[in-house]
Amino acid sequence: MSEKKLDYLEQLESESIHIFREVAGQFEKPALLFSGGKDSIVLVHLALKAFRPGKFPFPLVHIDTGHNFQEALDFRDALAEKIGEKLVVRSVEETIRLKHLTEPKGKFASRNALQTYTLLDTIEEFKFDVLIGGARRDEEKARAKERIFSVRDEFGQWNPKLQRPELWNIYNGKIHKGENVRAFPISNWTELDIWNYIRREQIDLPSIYFAHDREVLEHEGQFVATSKFIQLDPDDNISVRKVRYRTVGDMTCTAAVQSNASTIDDIINEIIATKTSERGETRIDDKVSEAAMEDRKKNGYF
C-alpha cells in the first residue's frame, strides 16, 4: 500500500512539530514567546500537536511594552488559561523605571528598542537557553538571514555572518555557557501559509485581524489607531475607517490597512492580491532606516 502524500500545509506542520521536539530534546530551559498575535497563536497550536496530551516543556513568555492592543492582550490571557499553560509576562515599563532608561520621543514613540533590555533580563532571570518565536523569512530581509536555530552570543547579540549550516533538517543546538538560541519553527512559512493553516485548523484569532470600524490617524499614507500613546497635532487628519491589521505590534508603530475582509476567505483573497509584505505595509518602526530590523537584532532584539 502506498503511503499518503502530505500536502504542503501538512509538510510545513510536520517540519514545525519536528523543530519543536528538537528544541525540547536539545535544550534545558526553553520558552515560547507569545504575544497574542496570529503567528504566535499558530505556534501554540503547533505546540499542542507536538506535546499533547502532556504539558508544554516550556512556559509562554510575553515581553509587554505597555503599548499593546487590548484585543491581543485579552486573547493572550484567555488562550493561556484555556490550554492551562504557564504565562510569564515581563514589563518594559518596569525595566524603564528600574534601569532609568530614556524613553524615545516623537509622534510615534516606540518602545521596541527598549524591549531588548527586558528580554535579556528575562532570559537571565529564568536561565532560558532558547526562545521559540514566530518570525518568518518572508516578513523582512533581516529575518530572511536567520537559521532555524539562530545563536546569540553571551551579550545577547546576533551576528548574521556567523550562521550555522542546517542540512537535511539537522539542527545544531550546541552552545557555550552564556550563549542563547532563537528557534523559529515557522521560518519556512509565508503569511499566506499562516492564513491557509488558520482556515484549515479553524484557529481562533483576536477580532483585530478582521475588518472593523476604528478611529485612525492618516500619516504618510498609513492609518495608525489613535491612542494615548501617540502625540496628536491640531492639524492631524483623523477619521473613522473600516480597517484590519495584518500584523499586530505596538499601537505606536503598527498601521492598519483599509479592508472589508470580515472572514478568513476574504483575508486570503486580499493577501493573494497584494504585492506588499505585511511588515512593509504596516510597520512604521521598520521604516526608520534600510537596516532598522537588522540593527535591532544585532543588539539583542528578538
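It should be noted that the structure appears before, not after, this text.
Residues numbered from 1 in each chain as written. Predicted model: local features only at pLDDT ≥ 70, side-chain atom pairs only at ≥ 80, totals over all residues. Heavy atoms only, no water.

Draft legend 1. A look at the nonpolar core. Ranked by size, the top nonpolar core spans 56 residues in total, and within it Phe20, Phe149 and Trp195 carry the most contacts. Those elements that provide at least two residues to this core are helix 1 (8-26), helix 2 (38-51), helix 3 (70-83), strand 4 (130-132), strand 5 (149-152), strand 6 (180-183), helix 6 (191-201) and helix 7 (264-273). Element by element, the count of residues in this core is highest for helix 2, at eight residues. Residue-level mapping places this core at the junction of two domains, with at least three residues from each of domain 1 (8-192 + 291-298) and domain 2 (206-285). (Core = buried A, V, L, I, M, F, W, Y, C linked by side-chain atoms within 4.5 Å. Buried < 20%, exposed > 50% of the residue type's maximum accessible area, 1.4 Å probe, protein only. Helix = DSSP H or I, 4+ residues; strand = E, 2+ residues; numbered from the N terminus. Domains from an automatic or database assignment.)

Draft legend 2. View of the sheet that holds strand 10 (residues 257-258). If you walk across this open sheet you meet the four strands as 8-7-9-10, and the pairing is antiparallel. The open sheet has two free edges, formed respectively by strand 8 (222-225) and strand 10, since each of these has just one partner strand. (Pairing = 2+ DSSP bridges.)

Draft legend 3. Molecular detail of the packing of helix 2 against helix 3. Direction vectors running N to C along helix 2 and helix 3 enclose 5°, while the axes themselves pass 12 Å from each other. The angle between helix 2 and helix 3 places the two elements in the roughly parallel class. On helix 3, the residues touching Ile41, Val44 and Leu48 of helix 2 are Phe75, Leu79 and Ile83. Looking at the contact of helix 2 with helix 3, its residues break down into six nonpolar, no polar and no charged. (Axes fitted to C-alpha atoms, helices over the stretch in contact; angles between N-to-C directions. Parallel < 35°, antiparallel > 145°, perpendicular 65-115°, else oblique. Contact = heavy atoms within 4.5 Å. Nonpolar A, V, L, I, M, F, W, Y, C, P; charged D, E, K, R; others polar.)

Draft legend 4. Local environment of the layout of surface pockets. Empty space within the largest pocket amounts to approximately 470 Å³. In terms of residue count, helix 5 (residues 115-126) provides more of the lining of the largest pocket than any other element does, three residues in total. Of the residues assigned to the lining of the largest pocket, the class counts are six nonpolar, six polar and nine charged. Here the second largest pocket is characterised by a volume of approximately 220 Å³. Forming the boundary of the second largest pocket are 13 residues, of which Phe75, Leu79, Lys82, Ile203 and Asp204 lie nearest the centre. Among the elements of the structure, helix 2 and helix 3 are those that each provide at least two residues to the lining of the second largest pocket. Looking at the lining of the second largest pocket, the element that brings in the most residues is helix 3, giving five residues. (1 Å grid on protein atoms, 1.4 Å probe; cavity = no way out; pocket = protein on both sides within 12 Å on 5 of 7 lines; lining within 4 Å. Points joined across faces, edges and corners; volume = space filled by probe spheres on them.)

Draft legend 5. Quick look at the side chain of Arg182. Tracing the sequence through the fold places Arg182 in strand 6. Of the residues examined, Arg182 reaches a relative accessible area of 0% and is grouped as buried. A polar contact of 2.5 Å, which involves the side chain of Arg182, links it to the side chain of Asn180. (Polar contact = N/O pair within 3.5 Å; in protein donor to acceptor, adjacent residues only side chain to side chain.)

Draft legend 6. Up close: a nonpolar patch on the surface. On the surface, Leu167, Trp168 and Ile170 cluster together into a nonpolar patch covering about 410 Å² of accessible area. Inspection of the secondary structure assignment puts Ile170 in the loop between strand 5 and strand 6. When its relative accessible area of 55% is taken as the criterion, Ile170 is described as exposed. (Patch = residues over 30% accessible without salt bridge, like charges linked within 9 Å, V, L, I, M, F, W, Y side chains within 5 Å. Areas by Shrake-Rupley, 256 points an atom, 1.4 Å probe, with all protein chains shown as cover. Salt bridge = Lys/Arg side-chain N within 4 Å of Asp/Glu carboxyl O.)

Draft legend 7. Local environment of the sheet that holds strand 3 (residues 87-91). Read from one edge of the open sheet, six strands run 3-2-1-4-6-5, paired in mixed fashion. The outermost strands of the open sheet, each flanked by one partner alone, are strand 3 and strand 5. The mean inter-strand angle of the sheet, taken between neighbouring strand axes irrespective of direction, is 30°. Sheet analysis places strand 2 (residues 60-64) next to strand 3, joined by five bridges and oriented parallel. By the bridge assignment, Val61 is partnered in strand 3 with Val88. Set on the sheet, helix 3 makes contact with strand 2 and strand 3; between it and strand 2 the angle comes to about 165°.

Draft legend 8. Highlighting the packing of helix 1 against helix 2. It is at 9 Å that the axes of helix 1 and helix 2 come closest, and there the two elements cross at 70°. In terms of orientation, helix 1 lies roughly perpendicular with respect to helix 2. Every residue of helix 2 that contacts helix 1 at Glu13, Ser16, Ile17, Phe20, Arg21 and Ala24 is listed here: Leu43, Leu46, Ala47, Lys49, Ala50 and Phe51. Considering only residue class, the contact of helix 1 with helix 2 consists of eight nonpolar, one polar and three charged.

Draft legend 9. Broad picture of helix 6. Helix 6 sits mainly inside the fold: eight of its eleven residues count as buried. Of the residues one or two after helix 6, Gln202 is the one with positive phi, at around 55°.

Draft legend 10. Structural context of the pairing of strand 6. With burial as the criterion, each face of strand 6 is covered, one bearing Asn180 and Arg182 and the other bearing Val181 and Ala183. Two elements, strand 4 and strand 6, share three bridges in a ladder whose sense is parallel. What sits directly across from Val130, in strand 6, is Val181. Strand direction decides the pairing type here: strand 5 and strand 6, joined by four bridges, are antiparallel. The residue bridging Phe149 from the neighbouring strand is Ala183, located in strand 6.

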